[in-house]
Every structure is written in C-alpha cells, then in structure tokens.
Amino acid sequence: METARQFDLERWQSEFEQNTARLQEIRSKNPGDQGSLRPFEGAWSVAECVQHLSLTAQAFVPIWTAACSSTDHNFGKPYRVWWRWFLAGVNDPSRMRSHTPKAFNPVIVPHLEVALELYFKEREVVRVLAKEMYIGDIGGIEIRSPFASWMKYPLDFSFDLWIAHERRHLSQAEKG
C-alpha cells in the first residue's frame, strides 16, 4: 500500500471500504467463540484486535468532532516527510513496533460478534466525520494525538493515520 502524501477523500473512502470487506471476512472466518481465542500466549485474539480498534476510534471521535466545528480552514497541504515516514511505519508492522498505551489495551476478551457490532457503529461515525472534515475544508488544523499528548499533527493526517492503524490491526486479526 502506497503511503498517502496528502488527504484524498476518494482514496480514503476506498481504503475504508476495503477494510470493511476485511472485517466482514474476519467475521465469517471466526464463527462462534473462535474469534475470542488467543492464537498463543501474549497475542491478542481477533476480538481483542477489534476491541483495540474500537478504543482507538473512541479516543479520536471527540477530538475530530471538536475539530470539525472549527472555522480554521487550511486543508489539503502535502504531508511533511516525517508524517509520511510515520504512516509508512504504521502501515507495515515489520517496520515499526511499539507498545500499546495501557488505555488502548483490550480490557476483557469480548465475543467477536459483540466487538464487531460496536466497532461497525463507531466506524460509521468516523466515515461521516472524515467527509465533514473534507467538505468543510478544515483538514490542515492541528490536533493533539490521543495516544501521545506531546504529539500534534494535522487533522486530515489523523484520518489517514487512523485508517493505516486499522489496516495494521486487521492484518494482525487475519493472522490470528
């Protein structure tokens, strides 16, 4: 997957739909309680991967909602080289490994179907906010990362970061 150089709603929506299909495939390949079983000690189950993605969406949504009400218009600037490097690392788990902040670790092992139902609803909110941000031409304003308070990045970049992070953990879930 080529690293995004700047936000493009059409590309982003295509990636969103590809990930939706992957989630549906994950659902079909993990019937019953199978998706709640860890593949080995220390690894996350498929349901835990989905729950982690859900916690991530829950962290971003309030930030995005507040940003989408902004009147600051500075959309569509190309991403700086370090943001493209960061996206490439998030896209490829073999390039960048990091520990998940405690707040984003799955707390319980949910049933996969329950985790997916919640996550599909949260994803729809994300999809709508991405479109609002794009139509509102506000993508260039900076937001503070919900994962590392010292990190700030452009709003439009955060949507590309979110989709890359989702892709990363879907790959993990598909292996599980």
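As the structure is a prediction and not an experimental result, all values here were calculated from the model.

Observations regarding the packing of helix 1 (residues 9–29) against helix 4 (residues 112–135)
Then, in step 1: Packing of helix 1 against helix 4 brings their axes to within 12 Å, and their N-to-C directions diverge by 175 degrees. Accordingly, the angle class assigned to the pair helix 1 and helix 4 is roughly antiparallel. Side by side, helix 1 and helix 4 meet where Leu9, Trp12, Gln13, Phe16, Asn19, Thr20, Leu23, Gln24, Ile26 and Arg27 of the first sit next to Leu112, Glu113, Leu116, Glu117, Tyr119, Phe120, Arg123, Val126, Arg127, Ala130, Lys131 and Tyr134 of the second.
Then, in step 2: Split by residue class, the contact of helix 1 with helix 4 holds 12 nonpolar, four polar and six charged.

A few points about the pattern of salt bridges
Then, in step 1: Throughout the structure, instances matching the rule amount to 10 salt bridges.
Then, in step 2: Among the ionic pairs, Asp160 bridges to Arg11, the shortest N-O distance being 2.9 Å. Taken together, the residues Asp160 in helix 5 (residues 155–175) and Arg11 in helix 1 connect sequence positions 149 residues apart.
Then, in step 3: Notably, a salt bridge pairs Glu25 with Lys29, separated by 3.5 Å at the nearest N-O pair. With Glu25 and Lys29 both in helix 1, this residue pair falls four residues apart, about one helical turn.
Then, in step 4: Take Glu25: its relative accessible area is 40%, and that puts it in the partly exposed class.
Then, in step 5: Given the relative accessible area of 54%, Lys29 is considered exposed.
Then, in step 6: One connected set of salt bridges, linked through shared partners, spans Arg11, Glu15, Asp160 and Arg167.

Points about the packing of helix 3 (residues 81–91) against helix 5
Then, in step 1: Interaxial distance between helix 3 and helix 5 falls to 8 Å at its minimum, and their mutual angle equals 20 degrees. Compared by their axis directions, helix 3 and helix 5 come out roughly parallel. The handedness of the crossing between helix 3 and helix 5 is right-handed. Only Phe157, Asp160, Leu161, Ala164, His165, Arg167 and Arg168 of helix 5 make contact with helix 3, whose side of the interface consists of Trp83, Phe86, Leu87, Gly89, Val90 and Asn91.
Then, in step 2: Among the residues making up the contact of helix 3 with helix 5, the classes are represented as seven nonpolar, three polar and three charged.

Considerations on the packing of aromatic side chains
Then, in step 1: The final tally for this structure, using the stated rule, is 13 aromatic pairs.
Then, in step 2: Judged by centre distance (6.3 Å) and plane angle (40 degrees), the ring pair of Phe7 and Trp12 falls under tilted. Grouping residues by exposure puts Phe7 and Trp12 together as buried.
Then, in step 3: Consider the rings of Phe7 and Tyr134, whose centres lie 6.0 Å apart with planes at 50 degrees: the pair is tilted. Taken together, the residues Phe7 in the segment before helix 1 and Tyr134 in helix 4 connect sequence positions 127 residues apart.
Then, in step 4: By relative accessible area, which is 3% here, Phe7 ends up buried.
Then, in step 5: Judged by relative accessible area, Tyr134 falls into the partly exposed class, the value being 33%.
Then, in step 6: Taken together, the ring pairs in this structure connect Phe7, Trp12, Phe16, Phe60, Trp64, Tyr134, Phe147, Phe159 and Trp162 into an aromatic cluster.
Then, in step 7: A cation over an aromatic ring shows up here: Arg123 above the ring of Phe16, its NZ or CZ 3.9 Å from the ring centre.

Parameters and conventions
Residues numbered from 1 in each chain as written. Predicted model: local features only at pLDDT ≥ 70, side-chain atom pairs only at ≥ 80, totals over all residues. Heavy atoms only, no water. Axes fitted to C-alpha atoms, helices over the stretch in contact; angles between N-to-C directions. Helix = DSSP H or I, 4+ residues; strand = E, 2+ residues; numbered from the N terminus. Parallel < 35°, antiparallel > 145°, perpendicular 65-115°, else oblique. Contact = heavy atoms within 4.5 Å. Nonpolar A, V, L, I, M, F, W, Y, C, P; charged D, E, K, R; others polar. Salt bridge = Lys/Arg side-chain N within 4 Å of Asp/Glu carboxyl O. Buried < 20%, exposed > 50% of the residue type's maximum accessible area, 1.4 Å probe, protein only. Left-handed = near helix turned anticlockwise from the far one by under 90°. Phe/Tyr/Trp six-rings, centres within 6.5 Å; stacked < 30°, edge-to-face > 60°. Lys NZ or Arg CZ within 6 Å of the ring centre and 35° of its normal.

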